[in-house]
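The lines below spell out each chain.
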Amino acid sequence: MTRDQVLSALRAAADPARAEGLSKHHRTASMVMGTGNAVLADLGAQIRASLDVSERVALARELWATQIHEARIVATQALKQARLRPDDDAWAAMVDWVAEVDCAPVADHLIRAGQKRVLADPARLDTVAEWAADDALWPRVIALGLGQSWTGMKFPKDADLTHRARVVEMTIAALPDHRRPVQGAVTEVLCDLAKVDPDTTRHILSTHGDAMAGAVRKSLLRALPA
């Protein structure tokens, strides 16, 4: 599958009316076609099935460079695979893309693909921590989303607990950032944690509750077991 074939498929399933609404809702500067999510997922699956890793990465970079909203989502879908070997080039592509994300759907898809890459090599948390410390909106949101790879683990090993603690530190540092997407990411991370480690979550509430937005605090209280 080539870039032109993917773009042709996106155009064939485009919905101009849907595109206008999505563009306004997400306030994205990218061109939006309005192609449905099922088509995007199917294209990603076709790419994964038909190309080897190096070809997939090359195609994903080409799709991302189009600056088309749906093409960028397909680019992330092309690299969404747990066992991706070697994966250094795939991770490098994701790292390059983070600064160019400009809306929630692309951030969400990049997070889903990136979670598998940080689990494959936890040393990548060093880069993720840099994004969490960045004041830019979407890099911070993506960093917290990638951290969910550990906060929701039901049976973590000792090393996983170390990584989880680092993610919790990143999340606590983001509490004063009350931008809605950041607070949404904070809520997801801490609510995941509440289900698997309620004691730590209660400690966070008692020591950092004053810094939390009201909605985050309420969601966390609901997520904690009785």
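What counts and what doesn't
Residues numbered from 1 in each chain as written. Predicted model: local features only at pLDDT ≥ 70, side-chain atom pairs only at ≥ 80, totals over all residues. Heavy atoms only, no water. Helix = DSSP H or I, 4+ residues; strand = E, 2+ residues; numbered from the N terminus. Rg over C-alpha atoms; globule rule 2.2 N^0.38 Å. Contact = heavy atoms within 4.5 Å. Areas by Shrake-Rupley, 256 points an atom, 1.4 Å probe, with all protein chains shown as cover. Core = buried A, V, L, I, M, F, W, Y, C linked by side-chain atoms within 4.5 Å. Buried < 20%, exposed > 50% of the residue type's maximum accessible area, 1.4 Å probe, protein only. Expected span 1.5 Å × (residues − 1). Bend = angle between axes of the 7 residues up to and from the residue. 1 Å grid on protein atoms, 1.4 Å probe; cavity = no way out; pocket = protein on both sides within 12 Å on 5 of 7 lines; lining within 4 Å. Points joined across faces, edges and corners; volume = space filled by probe spheres on them. Nonpolar A, V, L, I, M, F, W, Y, C, P; charged D, E, K, R; others polar. Phe/Tyr/Trp six-rings, centres within 6.5 Å; stacked < 30°, edge-to-face > 60°.

We now examine the overall build of the protein. A count of helices and strands for the protein gives 13 helices and 0 strands. Walking the protein from its N terminus toward its C terminus, one meets helices and strands in the order α-α-α-α-α-α-α-α-α-α-α-α-α. Radius of gyration (C-alpha) of the protein: 18 Å, near the 17 Å computed for a compact globule of 226 residues. Based on the C-alpha atoms only, the size of the protein along its principal axes is roughly 55 × 40 × 30 Å. Within the protein, contacts between residues at least 6 apart in sequence are counted, and of these 67% link residues at least 24 apart. Accessible surface for the protein amounts to roughly 11000 Å². Of this, 51% is attributable to carbon and sulfur atoms.

Once that is clear, we can look at the nonpolar core. Within soluble globular proteins, side chains that are nonpolar generally end up buried alongside one another. One finds L10, L63, W97, V128 and I142 to be the most contacted residues of the largest nonpolar core, which totals 68 residues. In terms of residue count, helix 11 (residues 180-196) provides more of this core than any other element does, 8 residues in total. Filtering out sequence-adjacent residues up to four positions away, W97 remains in contact with A60, R61, W64, A75, T76, L79 and L110.

Take helix 11 next. With 17 residues, helix 11 extends 25 Å between its outermost C-alpha atoms, agreeing within 8% with the 24 Å of an ideal straight helix rising 1.5 Å per residue. All of the buried residues along helix 11 are V182, Q183, A185, V186, T187, V189, L190, C191, L193 and A194.

This next bit is on helix 7 (residues 104-120). For the α-helix, the turn length of 3.6 residues means that residues three or four positions removed from each other point alike. The terminal C-alpha atoms of helix 7, which comprises 17 residues, lie 24 Å apart, in line with the 24 Å expected from a rise of 1.5 Å per residue. At G114, helix 7 is bent by approximately 30°, the largest bend along its length. Turning to helix 7, its buried residues are P105, V106, A107, H109, L110, I111, A113, G114, R117 and V118. Elements that come into contact with the buried residues of helix 7 comprise helix 2 (16-26), helix 4 (53-65), helix 5 (69-78), helix 6 (88-98), helix 8 (125-133) and helix 9 (137-151).

Taken as a whole, the largest pocket encloses approximately 430 Å³ of empty space. Counting only elements with at least two residues in the lining of the largest pocket, the list comes to helix 2, helix 7, helix 9 and helix 11. The element best represented in the lining of the largest pocket is helix 7, accounting for 6 residues. Of the residues in the lining of the largest pocket, the class split is 8 nonpolar, 6 polar and 4 charged.

Turning our attention to the packing of aromatic side chains. Following the criterion strictly, the structure yields 2 aromatic pairs and no others. For the ring pair W64 and W97, a centre distance of 4.6 Å and an interplane angle of 5° mean the geometry is stacked. Pair noted here: W64 is in helix 4 and W97 is in helix 6, with a separation of 33 residues, a long-range link. Here the aromatic rings of W91 and W131 are separated by 6.0 Å at their centres, their planes lie at 40°, and the arrangement is tilted. On the criterion of sequence distance, the pair formed by W91 in helix 6 and W131 in helix 8 is long-range, its members being 40 residues apart. Overall, W131 belongs to the buried group, its relative accessible area being 10%.

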